[in-house]
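Fold and contact review
Read off the chains here:
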Amino acid sequence: MIEGILFVSLVLLIFSILATIYRLVKGPSAPDRVQALDALGIYLIAGVAIFSVYLKSTAFFEVILLIGILSFIGTIAFARFIERGVVIERKQPD
Amino acid sequence: MKQINDVVLRTATKAAVVIILTFSVSLFISGHHRPGGGFIGGLAFVAAIILLFLVYDIESIKKNIPIDFKIIAGIGVLTSVFTGVAGMIMGKPFLSQAFDHVNLPIFGETEVASAVLFDIGVALAVIGTSLTIITSIGDDR
């Protein structure tokens with residue numbers, strides 16, 4: 001029963017990832033693509049979590065944390081680039 | 001240029017950096033038997049420092065961490081090579097490692113391996129190299 005539910009949710013995640021990749025490729029503006037990348041990271045986290053529940057194993061929890069951290073940093077870097085034009089500032093503008 | 005209000009980002013970063021640094025140390029010491037080790041621990045450490053670079057700026061971070069990262073990379077490579085040479089001095093092949101079981105007061109029976117020194121060297125080399133690359137190509141000059 002529970003394995004069937006997990007399998008169905010994995011299949012649904014595949015459709016979500018395909019829809020997000022469509023937005024990533026097609027997206028009219030750069031913020032759309034950044035949002036799609038962030039959502040793609042969240043879908044990957046969800047997929048790994050469901051898979052580790054399916055395998056009854058805790059070996060993939062570090063993968064979840066690492067994808068979360070890298071997706072967070074990447075989103076912040078893209079957002080700063082879109083908003084200010086530079087990624088890392090040399091001096092604080094005050 | 002208009003003033004940008006990023007209080008939320010700065011407050012979240014102050015919590016997230018501590019979590020990422022703790023996670024990098026956890027990844028580092030879980031190596032050799034489980035996924036982890038010097039390379040990925042060093043990369044997670046670099047991720048925390050890059051987050052600081054992104055949210056604040058290069059000059060204030062360099063003022064608070066007054067270390068030349070190129071020197072750190074050199075120290076790391078030297079440490080790794082010397083742990084390899086130490087195996088040759090004992091009459092074993094290059095990079096051969098030793099381990100022993102020690103009874104520590106709090107942790108109980110613990111395995112102490114000389115590969116930890118090699119991993120520390122790898123981590124320092126990765127941290128120094130990555131931060132040098134980021135600070136030299138991320139500069140907006």
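Cut-offs applied
- Residues numbered from 1 in each chain as written.
- Chains lettered and ligands numbered in written order.
- Predicted model: local features only at pLDDT ≥ 70, side-chain atom pairs only at ≥ 80, totals over all residues.
- Heavy atoms only, no water.
- Phe/Tyr/Trp six-rings, centres within 6.5 Å; stacked < 30°, edge-to-face > 60°.
- Contact = heavy atoms within 4.5 Å.
- Salt bridge = Lys/Arg side-chain N within 4 Å of Asp/Glu carboxyl O.
- Polar contact = N/O pair within 3.5 Å; in protein donor to acceptor, adjacent residues only side chain to side chain.
- Nonpolar A, V, L, I, M, F, W, Y, C, P; charged D, E, K, R; others polar.
- Patch = residues over 30% accessible without salt bridge, like charges linked within 9 Å, V, L, I, M, F, W, Y side chains within 5 Å.
- Areas by Shrake-Rupley, 256 points an atom, 1.4 Å probe, with all protein chains shown as cover.
- Helix = DSSP H or I, 4+ residues; strand = E, 2+ residues; numbered from the N terminus.
- Buried < 20%, exposed > 50% of the residue type's maximum accessible area, 1.4 Å probe, protein only.
- Core = buried A, V, L, I, M, F, W, Y, C linked by side-chain atoms within 4.5 Å.

Turning our eyes to something else, we now look at the packing of aromatic side chains. All chains considered together, the criterion is met by two aromatic pairs over all chains. Aromatic ring contacts, followed pair by pair, group F51, Y54 and F60 of chain A into a single cluster.

With 19 residues of chain A in contact, the opposing surface of chain B contributes 28 residues. On inspection of chain A and its partner chain B, the count reaches zero salt bridges. Across the contact surface, chain A and chain B share one residue pair in polar contact (both at pLDDT 80 or more). Of the residues contributing to the side of chain A that touches chain B, the split by class is eleven nonpolar, one polar and seven charged.

Attention shifts here to a nonpolar patch on the surface. All names here are of chain A. Together, F7, V8, V11, L12, I14, F15, L18, I21 and V25 make up a nonpolar patch on the protein surface, roughly 880 Å² of accessible area in all. By secondary structure assignment, the location of L18 is in helix α1 (residues 2–26). Assessed through its relative accessible area of 52%, L18 is described here as exposed.

So, about the nonpolar core. For soluble globular proteins, the rule of thumb is that nonpolar side chains tend to be buried together. Core analysis: the biggest nonpolar cluster contains 28 residues, and I69 and I73 of chain A together with L51, F53, L54 and L131 of chain B have the highest contact counts within it. Of all elements in the fold, only α3 (61–84) of chain A together with α1 (7–29), α2 (38–55), α3 (58–64), α4 (69–89) and α5 (115–137) of chain B reach the threshold of two or more residues within this core. Of all the elements, α2 of chain B adds the most residues to this core, at eleven residues. Setting aside residues up to four positions removed in sequence, L131 of chain B forms contacts with V46, I49, F53 and F69 of chain B.

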